[in-house]
Amino acid sequence: MIRLSKIEKSFSHGVTKTYVLRRIDLDIQEGEFVSIMGPSGAGKSTLLHILGMHDQSWGGEYHFDDVAVHTLNPKKRADLRNRNIGFVFQSYHLLDDQTVFENLELPLSYRDVSKKDRQSIVCDTLDRFQIVGKKDLFPSQLSGGQQQLVGIARAVVANPRIILADEPTGNLHSSQGKEIMEMFKRLNNEGSTIVQVTHSEANAAYGNRIVRLEDGWVVKD
Amino acid sequence: MDSLLRDLKFSARSLLKRPALTLIAIVTLAIGIGANSAIFSTINALLLKPLPFPDPEHIVAIWEKVPSRGVVRNEVALANYLDWKTQNGTLDQVGLIRWWSTNLTGADSPERVQGFLVTANFLEIAGVKPMLGRGFSPEQNQPGQDAVALLTYNLWQRRFGADPNIVEKTILTNGITRTVIGVMPPEFNYPKGAEIYAPIAMTPELARSRDSHSYWGIGRLKPGVSLPAAQADLDQIAGRLEQQFPDTNTGRGVVIYPVLEDTVRMYSTALWVMMAAVGFVLLIGCANVANLMLARATGRQREIALRAALGASRFRIIRQLLTESVLLGMAGGVLGVLIAYWGVDAIRTGNPGEAARYAPGWSHLGINFPVLAFTLLISVLSGLLFGLAPAWQLSKPDLSSSLKEGGRQATSSSRRLRGLLVVSEVALSLMLLVSAGLMLRSFLRLVGTDPGFNADSLLTMNLILPGAKYKEEPQRGAFYSELVSRVSAMPGVESAAAVNYLPLGGSNSSDAFLVEGIPEPPHGQDFIGRYRVCTPDYFRTMGIPVLKGRGFTDQDRAGAPPVIIVNETLARKYWRNQDAVGKRMRFTGPIDRSPWIQVVGVVKDVKHELNLPVTEEYYLPHAQDSWGAMVVVAKTRVEPVTLAAAIRQEVAAIDKDQPVFDVRTMREVRAISLALYSFSSVMLTIFGGVALLLAAIGIYGVMFYAVTQRTQEIGIRMALGARAMDVVKLVVKNGMSLALIGVAVGLAGAYALTRLLASLLVDVTPTDAVTFSIVTALLLLIALVACYLPARRATKVDPLVALRYE
């Protein structure tokens, strides 16, 4: 599904160059649950954002379903991302002034889904995540765990093939984190490919593959 | 006191710490305050205390009125005045004034000076005494005893070198020797433009006349008498006169106005509209500065929270913040005074419609104490106005979050307030722009109006032949006949003529007439037409087409069968579907004195006021009705003004004592006639433009700030799939929804407000749909651009950077 080849990412400071990622080669198959681990500053989140096509400036080759992402212009990359990728953030990043229902509706509205279809999809998703009762609440009225649940629901609402999660339980206490990881596991079992960045071995254990990064290099896969 | 000084010191330091923001705020305020001070200076000089009377509130202007013809100010007949004077019980004094243009001759070159003939009690009514000598005595209103004159201070200085012994010396006016009996104090020149006064000589014939309307009435109310009481008193007298003299007084009443209101009636509405317009500009400016302050307040939450945590009361915090904004307002006021100086100078130089000559109080136009006091007042008020909302917002900080988060996030109430400010700015701008648009459309309509003649290459100049020297009609006829033929023969002149009243010249005369074959109208419903007298080549010179029959020729001389030419409107009204040529009409009165006159031609309608419909008009040949006051018109093949000196020489060659005045091209005459409209529309357009610019800056500023505040949100949206167009839509929708609310409020406001402009509009209704639509579209377009620019910036948000706040 995903093939990274010689991916490099660096920042220039005058004449010197600081590498964040060095010659990353990585294949991810459909249905995998991959955990990217490593110390702070190892390049985990950067790699995730390259996978998520948020980051546009890197070197190397990135193939998604045999589509050469590195040759696509930003607009085509955005189209490809919108069709295939969902994102879950550590800080949930729900929009404060929108209800749960509206937050879930948002990715669909950016994919030109008609209003009628949006309503039906969002209702299904609310049902699937068992948060129908919360649909009219604002994020500030939810606990952290509930907010992240909505964040995951929002990531899957457009039916992506792969979900990228950046430390999804980083802001949650352990019992809430467990619930969230079980949700990811369930999604994976239902066929979604999951790539998560995590510091937690316990969370990584929910997956079936661990990629370790150190100083921008893949040190273990 | 000490703490106030500390507040001031801290405020100054705080403003200087952010020089760019401070400078933007000061300049914005200065534009608004400067415009207000400049227009207030005009209002103060021309409307508030323009008259040289110690107590103008007791003085009234008195006019006749003819309600059936819609005439609310008609000149007064002398016999009617005498009756009002003797029969009223509410006025201490009633007097008359008559326009009098006189040629001052003698040792110096002849000079035409503006004079007024007055009743002896004129100075008593005005409440003013001469500076030198004495005023008129009642017997000087008797014929034969009227050869006296009072000089204004200016004329005394200019023409007589401030001769301290001028009293009892003689001067020559219109060929009559008059004794100077006094000099008026400086500043006294009522009616505006007066240079000399002489008594009205009330001949027995004049004293009986009720059909010659040439005077303006003026009166002084008895102490404690109100205007309505005096009006009721005069109404009763007018009612009695109607019954006693039905021939002349049927349908005629009398009307009084406060003298100030009456004097400034032509331009007071326009000036108050200007004042409202600059008031709007200042309010928009204040809204912009308030927005700046609110944006700045977000960054100051931590500072204020710290002050509150250290024990500052809410009052102290508000006082500190208001001190800052008032200081800012006063800095804007100082710069505003400079702008006002420039503005007043521009108004003075522009001298719209020869206001310097006709508008009382013009000489007081300037930045004086009342204007400075006004500026100080609006500076402080502006400071309070734009400072209050941000101060209120800031003075109730959430201590824990402000101190913890470093005070960077805007609260939802400050967002609402900013939105409200933008809505207000858009609404005020729309109201102002609609007003400007209506005035501009009126002005363009007027400019585009066909006056019925060709104003190109026409030079005009005025002459008044003195009655004493040119007593007989043939003398006057011969003078103008010779002058016109001399001017016509000059190189560079295509043709020349003379007319008593120039189209668009502002002066007029009308008389009642009868039409052969149509029954005489009942009293009070006379056939009235505008009375024009001209020399033979007038129509050719002015480019007025003769539609039927012929123009005047040299054969239409004194003693020849009397002839008349009428305009299309008159011909159509009285001889509909008939040929007017060959028909007869005559002036009212006994047939031996007003014989039938044959219509020999019909000419195209000519506008005498561009803003009014054409009325019935007739022309008589000058040779058969030889007026002394005429305007010479020359159609030139060269630049008209280059011939002015040569024509003056031709006048001097005929009569060396004959002055020429008001030498103007016809284009200048036309421009002066449009001055009120051009001045109002230009000023309103400038203020509308400034308002639009300020509103655009306001919208831009708010949206720019909103984008800055929403960077992370926009990043999240982009991470969730939002495309550039989605982000643009998000920002633009947000800004445009505010603009649309503003437009809705503004349209409602404009709909209500523009009715006040009705008296200034020509051929355009106060609710003109075209103007409303164009202005709305323009404002929305500008708002769209002002939203689009920050929106474009929002599309450049890098989701990675936005999300890195994690």
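Summarised in this report is the structure supplied together with it. (Residues numbered from 1 in each chain as written. Chains lettered and ligands numbered in written order. Predicted model: local features only at pLDDT ≥ 70, side-chain atom pairs only at ≥ 80, totals over all residues.)

## Looking at the overall build of chain B
Where we set the bar: Helix and strand assignments follow DSSP, with helices taken as H or I runs no shorter than four residues and strands as E runs no shorter than two, numbered in order from the N terminus. Counting other C-beta atoms within 10 Å of each residue's C-beta, where C-beta atoms are placed from the backbone, gives the exposure class: buried for 20 or more, exposed for 12 or fewer, partly exposed between. For the purpose of contact definition, each residue receives a C-beta atom placed from its backbone, and two residues are in contact when these atoms lie within 7 Å.
Helix and strand counts for chain B come out as 25 helices and 23 strands. A principal-axis box enclosing the C-alpha atoms of chain B has dimensions of 105 × 60 × 55 Å. Counting across all 806 residues of chain B, residues that qualify as buried make up 47%. For chain B, restricting intrachain contacts to residue pairs at least 6 apart in sequence, the fraction spanning at least 24 positions comes to 84%.

## Brief notes about the sheet that holds strand S2 (residues 16-28) of chain A
Residue and element names in this part refer to chain A. Here is the rule we go by: Only strands that DSSP links by at least two bridges are regarded as paired with each other.
Strand order in the open sheet formed by 4 strands is S2-S1-S4-S5, with antiparallel pairing between adjacent strands. For this open sheet the edge positions go to S2 and strand S5 (67-68), each flanked by a neighbour on one side alone. By the bridge criterion, 5 bridges tie strand S1 (residues 2-13) to strand S4 (residues 59-64) in an arrangement that is antiparallel. Counted as the bridge partner of Ile2 is Phe64 from S4.

## Brief notes about the environment of B:Phe386
Residue and element names in this part refer to chain B. Residue placement: Phe386 occurs in helix H13 (residues 369-394). Note on Phe386: 30 C-beta atoms within 10 Å, which makes it buried. Separated by 93 residues in sequence, Phe386 and Met293 place their C-alpha atoms 8.0 Å apart. Among all residues touching Phe386, those that are not within four sequence positions of it are Cys286, Val289, Ala290, Met293 and Ser325.

## Considering the pairing of strand S9 (residues 176-183) of chain B
All names here are of chain B. Pairing analysis gives 2 bridges linking strand S6 (residues 132-133) to S9, with the strands arranged antiparallel. Its bridge partner lying in S9, Gly133 is registered against Gly182. Of the pairings in the sheet, the one linking strand S7 (residues 148-151) to S9 comprises 4 bridges and is parallel in character. Within S9, the position partnered with Val148 by the bridge is Thr179. Note that strand S8 (residues 170-173) and S9 share 4 bridges and pair antiparallel. When the sheet's bridge partners are listed, Thr170 is paired in S9 with Thr179. Hairpin connection between S8 and S9: a loop of 2 residues separates the two successive antiparallel strands, and Asn174 in this loop has a positive phi of roughly 50 degrees.

## Concerning the sheet that holds strand S9 (residues 209-214) of chain A
Residues and elements named next belong to chain A. Rules: To get an axis, fit a line to the C-alpha atoms, keeping to the stretch in contact for a helix; angles then go from 0 to 180 degrees between the N-to-C directions.
Here 6 strands make up an open sheet; going across it, the order is S6-S7-S8-S3-S9-S10 and the pairing mixed. Bordering the open sheet on either side are strand S6 (85-88) and strand S10 (217-220), each of which pairs with just one other strand. Across the sheet, the axes of successive neighbouring strands diverge by a mean angle of 25 degrees, strand direction being ignored. Judged from the 3 bridges that link them, S9 and S10 form a sheet pairing that is antiparallel. The partner of Arg212 across the bridge, within S10, is Lys220. Packed onto the sheet, helix H1 (residues 44-51) meets strand S3 (33-37), strand S7 (162-166), strand S8 (193-197) and S9 and runs at close to 150 degrees relative to S8.

## Focus on the packing of helix H3 (residues 100-109) of chain A against helix H5 (residues 144-156) of chain A
Relative orientation and spacing of two packed helices are given, respectively, by the angle between their axes and the distance between those axes. All names here are of chain A. What counts is decided by this rule: Orientation is classified from the angle alone, with under 35 degrees giving roughly parallel, over 145 giving roughly antiparallel, 65 to 115 giving roughly perpendicular, and any other angle giving oblique. Handedness of a helix crossing follows the sense of rotation of the near helix relative to the far helix, less than a right angle counterclockwise being left-handed and clockwise being right-handed. Gly counts as polar in this scheme, as do all residues outside two lists: the nonpolar Ala, Val, Leu, Ile, Met, Phe, Trp, Tyr, Cys and Pro, and the charged Asp, Glu, Lys and Arg.
Between H3 and H5, the least distance of the axes is 8 Å, while the angle of their chain directions is 30 degrees. Between H3 and H5, the angle falls in the class roughly parallel. In the packing of H3 onto H5, the handedness of the crossing is right-handed. Only Val150, Ala153 and Arg154 of H5 make contact with H3, whose side of the interface consists of Val100, Asn103, Leu104, Leu106 and Pro107. Of the residues that constitute the contact of H3 with H5, the class distribution is 6 nonpolar, 1 polar and 1 charged.

## Observations concerning the environment of A:Gly31
All names here are of chain A. For Gly31, the location among the structural elements is in the loop between S2 and S3. Overall, the presence of 15 C-beta atoms within 10 Å leaves Gly31 in the partly exposed class. Residues Gly31 and Gly41 lie 10 residues apart in sequence; the distance between their C-alpha atoms is 28 Å. The contact partners of Gly31, leaving out residues within four places of it in the chain, are Gly191 and Thr193.

## Some points on the interface of chain A and chain B
In this complex, chain A contributes 15 residues to the contact, which on the side of chain B involves 12 residues. Elements with a minimum of two residues in the side of chain A that touches chain B: helix H2 (74-84) and H3 of chain A. For the side of chain A that touches chain B, the residue count by class is 7 nonpolar, 6 polar and 2 charged.

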